[in-house]
Amino acid sequence: MPSLWVDADACPRAARDIVIRAAERTRTPAWLVANHALPLPPSRWAKGLSVASGLDAADDEIVRRLVPGDLLITSDLPLAMEALDKGAAVMTSRGEPLTADNIRSRVQMRDFMETLRASGEHTGGPKGYSDADRREFANALDRWLARNR
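Please read these numbers as outputs of a predicted model, since none were measured by experiment.

Scanning the protein for helices and strands turns up five helices and six strands. Its helices and strands in sequence order give the protein the pattern β-α-β-β-α-β-α-β-β-α-α, from N to C terminus. Computed over C-alpha atoms, the radius of gyration of the protein comes to 15 Å, within 12% of the 15 Å expected from 2.2 N^0.38 for 149 residues, which places it in the range of a compact globule. The dimensions of the protein, computed from C-alpha atoms along their principal axes, are 50 × 30 × 30 Å. The proportion of buried residues among the 149 residues of the protein is 40%. For the protein, the exposed area adds up to about 8,300 Å²; of that, 52% sits on carbon and sulfur atoms. The centroid of the 21 positive side-chain charges in the protein is displaced by 8 Å from the centroid of its 21 negative side-chain charges.

Here it is as structure tokens:
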């Protein structure tokens, strides 16, 4: 049975709550990994995994534990690339799939935007997590679980 892995440090709480409810409903193991303790409800299926503080400590632990067929929820593009290389599926907390076909162009765009910001250009940040984002993520996660259980 595949497991769900959440890069929980930057994942919106609403998305984490959706993962927990989906894990309980479908009896799918879910791991929420962060470099701090997360307040989680008691659950047989959704567990928090707190790792040591440090650059990429949570990412490294996720990659170490991922197996082919698992699903990783993250917006961290380098982490997504490593997960894809290990045979995991990846989606963002907005329900967008990250695949071998689109990850490289996403990384290039991120690098381009970083270059603009470094040159003093104001590029703005990501938009807030909306109700539409929450619904799209919940629907995408439900579709993935239906196909992969």
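What follows deals with a negative patch on the surface. Side chains of D56, D60, E82 and D85 sit close together on the surface and give a patch of like negative charge. Its relative accessible area of 38% is what places E82 among the partly exposed residues.

We now examine the pattern of salt bridges. If you walk through the whole model with that rule in mind, you get six salt bridges. Note that R25 and D142 form a salt bridge whose closest N and O atoms lie 2.5 Å from each other. Of this pair, R25 sits in helix α1 (residues 13-26) while D142 sits in helix α5 (residues 131-148), and the two are 117 residues apart along the sequence. Its relative accessible area of 53% is what places R25 among the exposed residues. When its relative accessible area of 34% is taken as the criterion, D142 is described as partly exposed. Measuring nitrogen to oxygen at the nearest pair gives 2.6 Å for the salt bridge that ties R64 to E61.

Side chains of strand β1 (residues 4-7) alternate between two faces, with L4 and V6 and W5 and D7 buried alike. Judged from the four bridges that link them, β1 and strand β2 (residues 30-34) form a sheet pairing that is parallel. Among the inter-strand pairings, V6 is bridged to a residue of β2, identified as L32. Handedness of the crossover joining β1 and β2 through α1: right-handed. Looking at chain direction, β1 and strand β4 (residues 71-73) are connected through three bridges and run parallel. Paired with L4 across the two strands is L71, which belongs to β4.

Now for the pairing of β2. With four of its five residues buried, β2 lies for the most part within the structure. The pairing of β2 with strand β3 (residues 46-50) spans five bridges and is classified as parallel. Directly across from A34, in β3, lies its bridge partner S50.

Scoring rules and cut-offs
- Residues numbered from 1 in each chain as written.
- Predicted model: local features only at pLDDT ≥ 70, side-chain atom pairs only at ≥ 80, totals over all residues.
- Heavy atoms only, no water.
- Helix = DSSP H or I, 4+ residues; strand = E, 2+ residues; numbered from the N terminus.
- Rg over C-alpha atoms; globule rule 2.2 N^0.38 Å.
- Buried < 20%, exposed > 50% of the residue type's maximum accessible area, 1.4 Å probe, protein only.
- Areas by Shrake-Rupley, 256 points an atom, 1.4 Å probe, with all protein chains shown as cover.
- Lys, Arg positive; Asp, Glu negative; His and termini not counted.
- Charge placed at Lys NZ, Arg CZ, Asp CG, Glu CD.
- Patch = residues over 30% accessible without salt bridge, like charges linked within 9 Å, V, L, I, M, F, W, Y side chains within 5 Å.
- Salt bridge = Lys/Arg side-chain N within 4 Å of Asp/Glu carboxyl O.
- Pairing = 2+ DSSP bridges.
- Right-handed = clockwise from strand over helix to strand, strands pointing away.

These values are about where atoms sit, not about what they do.
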